[in-house]
Amino acid sequence: MSDRASQGRKMFAFTAHQSASGTRHPLVAAAMVLPLATLLVVLFGGWEQVVTQASSVSALLGR
């Protein structure tokens, strides 16, 4: 068999294993999302909206 066919089988096995698990740890997901979220808040000036929403949610949870 060719070396290329062997590499293809290895890659398929790797991707099949990755999709079979289907989940990632919540901290890994947060680490992936937080930098982008921070950038969007800074670029679009949405900090006041974030604070308003957080205070609204905390008020609802406090009742």
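Preceding this section is the structure that the text describes.
All values reported here derive from a predicted model rather than from experimental measurement. (Residues numbered from 1 in each chain as written. Predicted model: local features only at pLDDT ≥ 70, side-chain atom pairs only at ≥ 80, totals over all residues. Heavy atoms only, no water.)

(A) Geometry of the overall build of the chain. Looking only at helices and strands, one finds 3 helices and 0 strands in the chain. Taken from the N to the C terminus, the helices and strands of the chain come in the order α-α-α. Among the 63 residues that make up the chain, the fraction classed as buried is 2%. (Helix = DSSP H or I, 4+ residues; strand = E, 2+ residues; numbered from the N terminus. Buried < 20%, exposed > 50% of the residue type's maximum accessible area, 1.4 Å probe, protein only.)

(B) View of helix H2 (residues 26-44). End to end, H2 covers 26 Å across 19 residues, agreeing with the expected 27 Å (1.5 Å per residue, within 8%). Helix geometry: H2 is bent most strongly at valine 33, by close to 30°, with proline proline 35 lying one to four residues after it. Downstream of H2 by a residue or two, glycine 45 has a phi angle that is positive, lying close to 60°. (Expected span 1.5 Å × (residues − 1). Bend = angle between axes of the 7 residues up to and from the residue.)

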